[in-house]
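# Inside the fold
Single-letter residue listing:
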Amino acid sequence: MASSSKLPGTGLEDVGVPGQTFLRDALTSCTDPLKAIEEFQLENGILLPSLRPMLPLLDLHGVRRLDFHTSVLEELRDKLIAHINEMGGKDRLKEHEKKLKELLNKSFPVVKVKALRPVIMSILKNTPHIDDKYLRVLVRDRDLYNDTDTEVKRQIWQDNQSLFGDEVSPLLSQYIREKENILFDHENLGNLFFSPSPKVRRQGAVIQKLAHMVGTSIKLYDMVLQFLRTLFLRTRNVHYCTLRAELLMALHDVEVHEIISVDPCHKFTWCLDACIRERNVDIKRSRELQGFLDNVKKGHEQVLGDLSMTLCDPYAVNFLATSAIKILQHLINTEGLPRDNTILILLLRMLALGLSAWEIIDTQNFKEPKLDSQVVTKYLPAMMSLMVDDQVRALHNKLPPDERESAITTIEHSGPPPDACEAYMRESSVCGVLAMYYTLHAAKSRDRIAILRILSILGSCKDGKAYEDPFLHALVALLIQLPDEFQGEDFSTVLFDEFFFAGLSKDNVTRHLLKLLWYIHPKLPETRIHTLMKALQPGTQHNESVHKMYEAMQQKMNAQAEPVPATSEMEYLDSPLMSVPTPAPYHM
């Protein structure tokens, strides 16, 4: 007896091909089912007379009719898809567009037939402007949506921000995880955060996939930027600023003019990217960068929000601060004044804008923060006096012992830093960042006293700047190269008691200190190790990563792990500071 329930439609009947419903009706209303099946096979098989005599031969070889027809279908489908892609290629003609449109109209009803779906998807992929009636079907059916190419999804996302957000969100989370994995990696000392060039960084899978998802769509690009601004505001995570710059430059690399020509940050980001890549800012580029900042048009001040995000990127901060320290060294050597060096003033101005990014976007007050003149006239000279002390002491130590005795020793070059240093570091983020990067320079130079002098006041940086991950990652990598220094109690007292312990309320500081301990613990006295392990013991407020790292540290110590590698094996831990060319002084 025939069932009255309706079979789920495949769309074959809609295009004049007998499908499930036809076969069901034929079998339930016939007197001889076998004859009905044979008739169905004859009428709906491959209509090629010369093929008919061959089918019994295939039967004799055990080849099922289904397998034969499936193989023919796949072969024809692949040839048709190749032809469709050819028609939709770069040399697309008007008549090709018309043919594809007709083909889509005829074939779309069978989109739910999995064997035929790739053909329809190929037509859709090669259709620049898909009719809404097709897009609505794709959105409603999750199976169809998942099989849709990115080129088609872009047209769906244009008017469906939440769906686009669902697709983008896992990528953004993956990007942040990848950055944090590098920063907290305690097993691979060669995996340094600041080592890869900008070009290498934006070849990463997440950036490339995001760029592909955006395509040439300004609307989708704007959506991504809005997601990044929102997430940066919500989390204060500076890696979203990196992502903003890297996405723009990835689109620049593949020359997506539709987007880069309308992003007001493009030329600025491109110019800054070139400086970071070359590790230098020359007169020409400095004038270009200054021109962008000075010529923000009235009514377009909002661009300062995106420019500040570009400058808040840790790689930009690293470049600006490193270059500033190099210029200060150059000024010491040439007896120049900070206020007379226009490139230095520009670097500080960009640093101030970058460090204010969160406040600018949060308050929607799109004004460039004014750089306090006293940073240039009082703080920088104080910093330079600290640097001169370190240079004089290093020079003095190179003299033969008998000459050291006759040298002037009444001037003390190893005392506490000038009071102005700490006072301005408490008030200004720019001052704090410069002090942090001088600390990295001292560590790279292996100047024990210089490290201790600056570390003794580094914890007082405004807003806990010195406890941010990119800096601690770089500092720990350099300190690991100085294992023998940890045998002196004064070094441990300043580094651990005065600097690290002041920031231990934060999970990230605990993780960086555990990484340092991972490598240098064989050089530490038992009492110091006991004090450190007691201070680092995680509680319920710490996340799982801290607990795991602490347990691994205990196991390592209990197993009497191998001693720290010799410093000669770790020369590849090169600081970008040493290879930044000194910009030529420029006087207005």
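Under the annotation held in an unreviewed UniProt entry, the chain carries the name Negative elongation factor B and is attributed to Danaus plexippus plexippus.

Take the pattern of salt bridges next. For the structure on display, the rule yields 28 salt bridges. Close ionic contact of aspartate 141 with lysine 112 constitutes a salt bridge, the shortest N to O distance being 3.8 Å. One end of the pair, aspartate 141, is in the loop between helix 7 (132-140) and helix 8 (142-147); the other, lysine 112, is in the loop between helix 5 (94-107) and helix 6 (117-125), and 29 residues separate them in sequence. On the accessibility criterion, aspartate 141 (22% relative accessible area) is partly exposed. A salt bridge links lysine 153 to glutamate 167, with the shortest nitrogen-to-oxygen separation between them at 3.7 Å. Residue lysine 153 is located in helix 9 (residues 150-157), and its partner glutamate 167 is located in helix 10 (residues 161-184); the two are separated by 14 residues in the primary sequence. Residue class for lysine 153 comes out buried when judged on its relative accessible area of 11%.

Further remarks concern the packing of aromatic side chains. According to the stated counting rule, one finds 12 aromatic pairs in the structure shown. Taken together, a centroid distance of 5.6 Å and an interplanar angle of 85° make the contact between phenylalanine 194 and tyrosine 315 edge-to-face. With phenylalanine 194 in the loop between helix 10 and helix 11 (198-201) and tyrosine 315 in helix 19 (residues 314-334), this pair connects stretches of sequence that are 121 residues apart. Across the pair, tyrosine 315 and phenylalanine 194 agree in class, each one buried. Aromatic ring contacts, followed pair by pair, group Trp157, Phe164 and Phe227 into a single cluster.

Our focus in this paragraph is the confidence of the model for the chain. Summary statistics for the chain give a mean pLDDT of 83 and a share of 83% for residues scoring 70 or more. When pLDDT is averaged over each helix and strand of the chain, the minimum, 56, is found for helix 23 (residues 401-406) and the maximum, 96, for helix 14 (residues 239-253). Counting interchain partners and residues more than four positions distant, the pLDDT-below-50 stretch residues 1-8 has 8 contacts. Contacts of residues 582-588 to residues separated by more than four positions or lying in other chains number 18 contacts, the stretch itself having pLDDT below 50.

With that out of the way, let us pick up the layout of surface pockets. Estimates place the volume of the second largest pocket at around 1,100 Å³. In this structure, the second largest pocket is lined by 43 residues; those nearest its centre are Val238, Leu355, Ser429, Lys465 and Glu468. The element that contributes the greatest number of residues to the lining of the second largest pocket is helix 25 (residues 429-444), accounting for 5 residues. Classifying every residue of the lining of the second largest pocket gives 22 nonpolar, 9 polar and 12 charged.

On to the environment of valine 303. Within the element layout of this structure, valine 303 appears in helix 18 (residues 303-312). Residues valine 303 and cysteine 265 lie 38 residues apart in sequence; the distance between their C-alpha atoms is 7.1 Å. The contacts of valine 303, once residues within four sequence positions are left out, are Pro264, Cys265 and Val296.

Compared with an ideal rise of 1.5 Å per residue, which puts 21 residues at 30 Å, helix 19 spans 30 Å between its outermost C-alpha atoms and is within 8% of the ideal. Along helix 19, 19 of the 21 residues are buried, which leaves the element largely enclosed by surrounding structure. Between the side-chain oxygen of the N-cap and the backbone nitrogen of tyrosine 315 there are 3.0 Å, and the N-cap of helix 19 in question is aspartate 313. Looking one or two residues beyond helix 19, the residue adopting positive phi is glutamate 335, at roughly 55°.

With that out of the way, let us pick up the packing of helix 20 (residues 342-355) against helix 25. Relative to each other, helix 20 and helix 25 sit at 110°, their axes nearing to 9 Å. Viewed along their axes, helix 20 and helix 25 adopt a mutual orientation that is roughly perpendicular. Two secondary-structure elements touch here, helix 20 through Leu348, Leu351, Ala352 and Leu355 and helix 25 through Ser429, Val430, Val433 and Leu434. Partitioned by chemical class, the residues of the contact of helix 20 with helix 25 number 7 nonpolar, 1 polar and no charged.

Analysis parameters
Residues numbered from 1 in each chain as written. Predicted model: local features only at pLDDT ≥ 70, side-chain atom pairs only at ≥ 80, totals over all residues. Heavy atoms only, no water. Salt bridge = Lys/Arg side-chain N within 4 Å of Asp/Glu carboxyl O. Helix = DSSP H or I, 4+ residues; strand = E, 2+ residues; numbered from the N terminus. Buried < 20%, exposed > 50% of the residue type's maximum accessible area, 1.4 Å probe, protein only. Phe/Tyr/Trp six-rings, centres within 6.5 Å; stacked < 30°, edge-to-face > 60°. pLDDT = per-residue confidence, 0-100. Contact = heavy atoms within 4.5 Å. 1 Å grid on protein atoms, 1.4 Å probe; cavity = no way out; pocket = protein on both sides within 12 Å on 5 of 7 lines; lining within 4 Å. Points joined across faces, edges and corners; volume = space filled by probe spheres on them. Nonpolar A, V, L, I, M, F, W, Y, C, P; charged D, E, K, R; others polar. Expected span 1.5 Å × (residues − 1). Polar contact = N/O pair within 3.5 Å; in protein donor to acceptor, adjacent residues only side chain to side chain. Axes fitted to C-alpha atoms, helices over the stretch in contact; angles between N-to-C directions. Parallel < 35°, antiparallel > 145°, perpendicular 65-115°, else oblique.

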